[in-house]
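Here is how the chains run, residue by residue.
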Amino acid sequence: MDLENQKRVKDFAEKYGPENLVVILGAAEGEAAGLAAETVTAGDPTFAGPLAGVQLGLTVYHICEDEMKAEVDAGVYDEQISMMEMVMDVDDIANEMSSIRNDYCKYL
Amino acid sequence: MNGYPVLKGASYTLAVTPDMVIHNGTTQTTEQIVNPDSEYLKELPGHLRSFEDAVAYIPNQVYIGNAKPADLASTEFPFYDKKWPNASRDGKYGQIMPQDEFYGVIQICDVFDLVNLEKSFAAEVKGKLAAQNLFTEAQLAVLDKNESTPEAITALVNDEHAEGLYMNNKLVGAIKRAHDVDVNLSAHVMLENLVTKASNVISLIELVKKAGVAPEEVDYVIDCCEEACGDMNQRGGGNFAKAAAEIAGFTNATGSDVRGFCAGPAHAVLHAAALVKAGTFKHVVVTAGGCTAKLGMNGKDHVKKGLPILEDAIAGFSVMISEDDGVSPQIRTDIIGRHTIGTGSAPQNVIGALVTNPLEAAGLKILDIDKYSPEMQNPDITKPAGAGDVPEANYKMIAALGVKKGELARGDIASFVKDHGMTGWAPTQGHIPSGVPYLGPLRDEVLAGETKKAMIIGKGSLFLGRMTNLFDGVSFVVQANDGSAQGGQGAGFDEAAVKTMIGQAMRDFAKGLLGEE
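Engineer: Any chance you could explain the domain arrangement of chain B here in plain terms?
Structural biologist: Often, the extent of an interface is quoted as the loss of accessible area upon association of its parts. Residue and element names in this part refer to chain B. According to the domain assignment, chain B contains domain 1 (6-322) and domain 2 (330-479). On a C-alpha basis, the centroid separation for the pair domain 1 and domain 2 is 26 Å. Each partner contributes residues to the interface: domain 1 has 55 residues there, and domain 2 has 42 residues. Of the roughly 3900 Å² buried between domain 1 and domain 2, counting both surfaces, carbon and sulfur atoms make up 69%. Connecting domain 1 to domain 2 are 1 salt bridge. The residue D444 makes a salt bridge to K92 at a minimum N-O spacing of 2.7 Å. Here domain 1 and domain 2 share 23 residue pairs in polar contact (both at pLDDT 80 or more) between them. Contributing elements (two or more residues each) for the side of domain 1 that touches domain 2: β1 (6-16), α5 (58-63), α6 (69-73), α13 (264-277), α14 (299-304) and β9 (313-322). In terms of residue class, the side of domain 1 that touches domain 2 is made up of 39 nonpolar, 8 polar and 8 charged.

Engineer: Just checking my understanding: could you explain helix α8 (residues 119-132) of chain B for this structure?
Structural biologist: Residue pairs spaced three or four apart in an α-helix point in one direction, given the helix's 3.6 residues per turn. Residues and elements named next belong to chain B. Taking 1.5 Å per residue, 14 residues should reach 20 Å; α8 reaches 20 Å between its end C-alpha atoms and fits that length. Those residues of α8 that fall on the buried side of the exposure criterion are F121, A122, V125, K126, L129 and Q132. Looking straight down α8, one finds that the buried residues subtend no more than 140° of arc, so they occupy a single side. Summarising the geometry of α8, the exposed residues directed more than 90 degrees from the buried face are A123 and A131. Phi turns positive one or two residues past the end of α8, at N133, with a value near 60°.

Engineer: Would you take a moment to explain the sheet that holds strand β4 (residues 163-167) of chain B for this structure?
Structural biologist: Strand pairs in the sheet, formed through backbone hydrogen bonds, run parallel or antiparallel to each other. Residue and element names in this part refer to chain B. In spatial order, the strands read β3-β5-β4; together these 3 strands make up an open sheet with antiparallel pairing. The open sheet is flanked by β3 (115-117) and β4, the only strands paired with a single partner. In this sheet, adjacent strand axes meet at a mean angle of 30° when their direction is disregarded. Contacts between helix α11 (residues 187-211) and the sheet are confined to β3, β4 and β5 (170-175), with β4 contributing the most and set at about 50° to the helix.

Parameters at a glance
Residues numbered from 1 in each chain as written. Chains lettered and ligands numbered in written order. Predicted model: local features only at pLDDT ≥ 70, side-chain atom pairs only at ≥ 80, totals over all residues. Heavy atoms only, no water. Domains from an automatic or database assignment. Contact = heavy atoms within 4.5 Å. Buried area = accessible area lost by both parts, 1.4 Å probe. Salt bridge = Lys/Arg side-chain N within 4 Å of Asp/Glu carboxyl O. Polar contact = N/O pair within 3.5 Å; in protein donor to acceptor, adjacent residues only side chain to side chain. Helix = DSSP H or I, 4+ residues; strand = E, 2+ residues; numbered from the N terminus. Nonpolar A, V, L, I, M, F, W, Y, C, P; charged D, E, K, R; others polar. Expected span 1.5 Å × (residues − 1). Buried < 20%, exposed > 50% of the residue type's maximum accessible area, 1.4 Å probe, protein only. Arc of directions from axis to C-beta. Pairing = 2+ DSSP bridges. Axes fitted to C-alpha atoms, helices over the stretch in contact; angles between N-to-C directions.

Shown next as structure tokens:
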């Protein structure tokens with residue numbers, strides 16, 4: 001996750017409280033989604049950004065996971081996401097996300 | 001003008017610069033500031049390739065035209081542990097230059113006496129460059145002016161804010177700052193700009209040598225790299241195009257720079273094609289050098305996974321776009337895709353704007369295009385870095401939109417990727433991979449009758465400049481020449497026009513018989 005986004009997530013967590021925040025990812029593959037999820041839960045694994053060593057433990061989902069899909073208007077989802085759903089390995093992404101959530105998420 | 005602007009020729013070049021990876025790539029220079037004792041910086045030198053290995057690297061041989069895109073597609077992944085048989089630095093479309101010669105070219109391109117090379121190093125380089133037959137005697141003579149001793153060069157770097165040029169980590173030259181205060185003329189910026197100029201010049205000269213372009217015929221040159229040239233009062237004033245064309249000997253040309261991040265080359269081709277279609281100029285060259293900043297950009301992942309540093313070369317390319325010659329592949333100036341401000345960022349809207357909207361407007365389907373050339377990043381570089389296979393992702397998106405539109409069956413996505421796509425071979429130098437690496441091979445394939453229609457797609461991440469959250473893209477279709485330059489628009493044969501011409505010829509003939517002038 002780039003340094004600017006790490007800073008934004010950190011600022012939002014301080015402003016609204018980490019228990020009130022959900023991070024929604026749109027990464028195109030499992031490994032990248034997992035790295036971003038790890039960053040906002042266990043801290044920046046590259047130790048380069050503002051979240052290095054900061055364990056926010058935020059609730060984090062990928063937009064293609066069923067839990068998120070259920071929250072979105074079906075028409076909007078079709079228009080904005082459905083094409084990418086065909087392209088992405090959704091199962092791989094969902095596995096990666098749930099393993100990170102199980103290990104590090106503090107607010108489930 | 002009847003017909004369409006045509007792809008007259010293309011050149012592609014690389015300069016393998018392992019020492020610049022360490023000293024000028026931003027991943028490494030950032031690490032040197034943030035974490036100077038890091039394991040990565042210690043391990044990095046052991047992962048740099050030899051020049052011979054970089055030459056034999058199959059994606060590089062595809063880039064300069066000694067291997068075809070199909071050869072890479074039939075190579076088992078990964079590519080870094082394989083070599084192209086009979087690999088050569090000299091390619092059909094250009095060449096791969098070693099670092100020492102490239103430093104010599106940088107000095108030839110420096111017209112403000114900013115570059116100093118160590119005297120014996122310069123003499124050696126002059127001999128090697130002379131054998132390449134790229135520059136005139138007068139240009140090569142610049143290398144004779146070096147009187148610098150190793151001590152003098154060390155002093156420039158240590159005391160005068162100069163940037164060092166290294167060979168095997170030994171200091172062999174320096175680039176001085178061009179102003180005491182102005183950061184836009186600092187040694188760092190001057191090095192970046194001279195590198196992009198030098199790699200641009202090599203590509204322009206190779207366009208002359210390999211594609212048979214007559215330099216004096218070129219009317220206009222458009223540079224589309226991602227650097228900015230200017231001083232504190234006009235930081236991006238330009239003009240790399242004219243500066244590079246001057247050294248390459250395009251004496252009858254002027255030019256300008258077009259910018260659009262990675263989409264720059266596709267925009268520049270549209271500008272060039274429009275200038276030719278309008279009849280403003282007959283021959284326009286689109287050209288760009290590469291960038292030092294992106295050297296070793298994904299180096300941390302490559303080192304961590306035991307790979308060589310694959311981002312070890314400065315790239316360049318040049319393409320000549322000319323008035324219709326009735327033979328060369330045509331750029332369809334009437335089938336243009338563009339990501340507009342209102343398009344939004346949802347991938348399906350983006351692919352719609354760039355691919356299906358322009359095709360539908362021209363009465364074409366997705367499958368009517370034989371090959372798509374989006375961002376042609378080499379997956380050998382991007383996959384180990386967690387960025388996936390970029391061209392493949394683009395092909396899947398195009399196919400998925402085709403499924404949504406009912407032009408493809410869902411089960412056909414994989415075969416679409418194979419049949420209408422290509423394995424990426426371009427170095428990850430930002431603008432360099434963006435659609436245009438295919439223009440050279442495409443011209444050959446079209447002339448050989450192997451490919452009839454292709455779409456070139458350039459995309460750019462405008463948000464990196466923090467001026468807008470938008471990104472951008474444009475696309476265009478290239479097709480086999482339809483002969484429309486000789487006939488009516490697109491018809492190939494306009495009977496009425498021919499009758500008129502014959503009638504006029506008969507009248508002229510009759511006048512001649514009657515003795516009238």
